[in-house]
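# Observations on the three-dimensional arrangement
Read off the chains here:
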Amino acid sequence: MAIDKHEPSTSGRALAMVASSELDKTNPSTGDGTIFYPSGNIAVIVCKQPGGQIITFFSDSKSSEILASFNAQGVGFVYYPTGKPWLVVTEAGYTLSDKKGNVVDRGKFPRVSSEVITLEASPNLTVHFTNRQNIVAAFRAADCTREWQCGEAPRRVEGPYTSKVVGAQLGGKLELDVGAIRQRQQAMGSVYVPPGPHAVETERPGVGSLKKALRRMDPTCALASTVTELRTLDSRLSQIDTLGLGTSRVLYGTARSASAGALLGGLSGSLPSPAGSSGRLEDYGSPELSKTQQRFANALKPVEPKYKARRMKLPYMRLRDLSSQVMGQGAPSDTLIMLCVLADWNPVCARVESQLEAAHGQFTEEAAGRSGSESARIKMYKVDASEGNMLQDKFGFRTVPMFLMFFEGKLAFASNNIRTETEARDAALTALTRGRKQQLLPEGFRFTAGSDNTLLEYIRPTTVLREL
């Protein structure tokens, strides 16, 4: 199916279309409207908006589940038929998940790889994702075959209408190709070219970005030779000996610099030279300060802080590393690993996290002071509950925060009833003692109904992760 690349790309514009179908109820001039399945269910809805269109695809069922949706900026999503997110595209980047909801790939824009990711959301819908500017959705049902470019429109592919110049008159007045301008207006509905993407930007503005740009510069260009000459000049200037005193360098205005008369006499030979036998200038010290200057200097001395923060951020533990570092054979010996399952969107987790950071900071400080203490055998990690459902499915809990403590790869303690720094310390130390005594939870442990505070869903629905 050929695509005309010379035609300006507009977000939501149909790339290809067969002969008119009874299922296609879209407006031929604007492109917005509805497409139906042969069963009568709604398949696609195209809504016009400033700068492009919003395209939403539905499943062929009575409930009409949403399979995919993208707006004029190329931001949107593709769902599995089960309702779990498959591809999520934002203005900053994208995430790709498996059928269980675990994130398997993530990236930022502009995307480095040009590999096309093909997603078959249903037998009728296939989405080809390359980057935010290139998202092609192909729909096929009976005799209706359509494709849309759902990505953000490239900037100035066609050029503004003022670029269609055929000549110039006296006085500078331009003659435009009115026929071509009117033809585009009839085809696109406007003579203006929509703005393009703004995702391509420098890595980080400032001197660091300039250094990277100079390193990546083509050595054959004229600017590269200028930069090389400047570097050579800077190297020669740095080798100039200050005041001609051998390898000695004196910075004016410092304690090593002498008075102007002494320097002049030392160089001309009319006055005794302040340089010793080694050829270096003598250090005359700093001038004495008056009482007023001393009081002013004492007032400018920085005040030493009397408070030292003892909180320390929890390191992250990814779900893919749990089997090798926490639950598997690679778990450290005689060490308790405390996994704090938290969610940023949960208000309870936001309050508890500061208490956990205080406990982690105290454990770290005690371990640094005495390596053989029990605090040195306790490691705390943060697990993002939104990353996946592996822990929830394995242990059967529904609410967060949840605290899972493992000793040498086996579960020693599990609870979500920890809210303060003291409770976190006591629970970790108790779990370490239980682990050393081999008083572990049974293999295949799961929470029973109500044991993980499931009644909180009636009081605070935001604490519930999802239905099991």
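Relevant structure appears above.
Residues numbered from 1 in each chain as written. Predicted model: local features only at pLDDT ≥ 70, side-chain atom pairs only at ≥ 80, totals over all residues. Heavy atoms only, no water.

Attention shifts here to the overall build of the protein. Each helix and strand in the protein was counted, giving 10 helices and 19 strands. Per-residue burial for the protein yields a buried fraction of 35% across its 468 residues. Summarising the internal contacts of the protein: among those between residues at least 6 apart in sequence, 51% fall at separations of at least 24. Element-wise, carbon and sulfur atoms account for 54% of the exposed surface of the protein, whose accessible area totals about 28600 Å². (Helix = DSSP H or I, 4+ residues; strand = E, 2+ residues; numbered from the N terminus. Buried < 20%, exposed > 50% of the residue type's maximum accessible area, 1.4 Å probe, protein only. Contact = heavy atoms within 4.5 Å. Areas by Shrake-Rupley, 256 points an atom, 1.4 Å probe, with all protein chains shown as cover.)

Time to look at the nonpolar core. If you look at soluble globular proteins, the nonpolar side chains tend to sit buried side by side. By size, the foremost hydrophobic cluster in this structure holds 43 residues, and its most contacted members are Met338, Leu339, Leu356, Met380, Leu391 and Leu404. Counting only elements with at least two residues in this core, the list comes to β16 (336–342), α7 (347–369), β17 (378–384), α8 (390–395), β18 (402–407), β19 (410–415) and α9 (421–436). Ranked by the residues each element gives to this core, the list is headed by β16, at seven residues. The contacts of Leu339, once residues within four sequence positions are left out, are Met317, Leu322, Val326, Tyr381, Val383, Met402, Phe403, Leu404 and Phe406. The next biggest cluster of nonpolar side chains, apart from the first, holds 32 residues, and it includes Val78, Leu87, Cys144 and Cys150. (Core = buried A, V, L, I, M, F, W, Y, C linked by side-chain atoms within 4.5 Å.)

Across all of its chains, the model carries 11 salt bridges by this definition. Where Asp344 meets Lys382, a salt bridge forms, and the shortest distance between an N and an O atom there is 3.7 Å. Remark: Lys382 occurs in strand β17 and Asp344 occurs in the loop between β16 and α7; sequence separation between them is 38 residues. Lys382 gets classed as buried once you look at its relative accessible area, which sits at 6%. (Salt bridge = Lys/Arg side-chain N within 4 Å of Asp/Glu carboxyl O.)

The next subject is the packing of aromatic side chains. Counted under the stated rule, the structure contains eight aromatic pairs. When the centroid spacing of 5.7 Å and the interplanar angle of 70° are considered together, the rings of Phe57 and Trp148 count as edge-to-face. With a gap of 91 residues between them, Phe57 in strand β4 (residues 52–58) and Trp148 in strand β13 (residues 144–149) connect regions that are remote in the sequence. The buried category is assigned to Phe57, whose relative accessible area is 1%. For the cation-ring pair, Lys394 lies above Phe395, with the distance from its terminal atom to the ring centre recorded as 5.7 Å. (Phe/Tyr/Trp six-rings, centres within 6.5 Å; stacked < 30°, edge-to-face > 60°. Lys NZ or Arg CZ within 6 Å of the ring centre and 35° of its normal.)

The next thing to look at is α9. For α9, which comprises 16 residues, the first-to-last C-alpha distance of 23 Å matches the rise-based estimate of 22 Å (1.5 Å per residue) to within 8%. Ala424, Arg425, Ala427, Ala428, Ala431, Leu432 and Gly435 are the residues of α9 that are buried. Buried residues of α9 fall within an arc of 165° about the axis and therefore sit on the same side. At its buried positions, α9 is contacted by β16, α7, β17, β18 and β19. (Expected span 1.5 Å × (residues − 1). Arc of directions from axis to C-beta.)

Moving on, we come to the sheet that holds β16. Hydrogen bonds along the backbone pair up the strands of a sheet, which may run parallel or antiparallel. Within the open sheet, the four strands sit side by side as β17-β16-β18-β19. Their pairing is mixed. Either end of the sheet is taken by a strand with one partner, and the two such strands are β17 and β19. Looking at each pair of strands side by side, their axes are set apart by 20° on average, direction ignored. Looking at chain direction, β18 and β19 are connected through five bridges and run antiparallel. Across the sheet, Phe403 pairs through a bridge with Ser415, a residue of β19. Relative to β17, α7 is tilted by about 155°, and along the sheet it contacts β16, β17 and β18. (Pairing = 2+ DSSP bridges. Axes fitted to C-alpha atoms, helices over the stretch in contact; angles between N-to-C directions.)

Turning our attention to the sheet that holds strand β8 (residues 93–97). Across the sheet, which stays open at both edges, the eight strands sit in the order β2-β3-β4-β5-β6-β7-β8-β9 with antiparallel pairing between neighbours. Across the chains shown, the open sheet's two edge strands, defined by having one partner strand only, are β2 (33–36) and β9 (103–108). Across this sheet, the average inter-strand angle for adjacent strands is 10°, counted without regard to direction. Across five bridges, β8 lies against β9 in antiparallel orientation. Across the sheet, Gly93 pairs through a bridge with Lys108, a residue of β9.

The subject of this paragraph is a nonpolar patch on the surface. Together, Val165, Leu174, Leu176 and Val178 line one region of the surface with nonpolar side chains, adding up to about 300 Å² of accessible area. Using a relative accessible area of 43% as the deciding quantity, one classes Val178 as partly exposed. (Patch = residues over 30% accessible without salt bridge, like charges linked within 9 Å, V, L, I, M, F, W, Y side chains within 5 Å.)

In this section: unusual backbone geometry. Backbone torsion omega between Phe109 and Pro110 reads 0°, so that peptide bond is classified as cis. Take Pro110: it is sitting in the loop between β9 and β10 (117–122). Across the junction of Val400 and Pro401, the peptide omega takes the value 5°, indicating a cis bond. Here Pro401 shows up in the loop between α8 and β18. Of note in the backbone geometry, Gln438 takes a positive phi value of approximately 60° without being a glycine. Mapped onto the fold, Gln438 is located in the loop between α9 and α10 (456–459).

This next bit is on the pairing of β4. For a regular strand, the rule is simple: side chains alternate between the two faces of the sheet. For β4, a buried count of six out of seven residues is recorded, marking the element as mostly surrounded by other parts of the structure. Pairing of strand β3 (residues 42–49) with β4 involves six bridges; the strand directions are antiparallel. Within β4, the position partnered with Cys47 by the bridge is Ile54. For β4 and strand β5 (residues 66–70), the ladder comprises four bridges, and the chain directions are antiparallel. Opposite Ile55, over in β5, you have Phe70 as the bridge partner.

Next up on the list: the packing of α7 against α9. For the pair α7 and α9, the least separation of the axes is 8 Å and the interaxial angle reads 55°. Taken together, α7 and α9 sit at an angle that is classed as oblique. The interaxial crossing formed by α7 with α9 has right-handed handedness. Contacts between α7 and α9 pair Gln355, Leu356, Ala358, Ala359, Gln362, Phe363 and Glu366 from the former with Glu421, Ala424, Arg425, Ala428 and Leu429 from the latter. Residues belonging to the contact of α7 with α9 are distributed by class as follows: seven nonpolar, two polar and three charged. (Parallel < 35°, antiparallel > 145°, perpendicular 65-115°, else oblique. Left-handed = near helix turned anticlockwise from the far one by under 90°. Nonpolar A, V, L, I, M, F, W, Y, C, P; charged D, E, K, R; others polar.)

Purely geometric numbers; function is a separate question.
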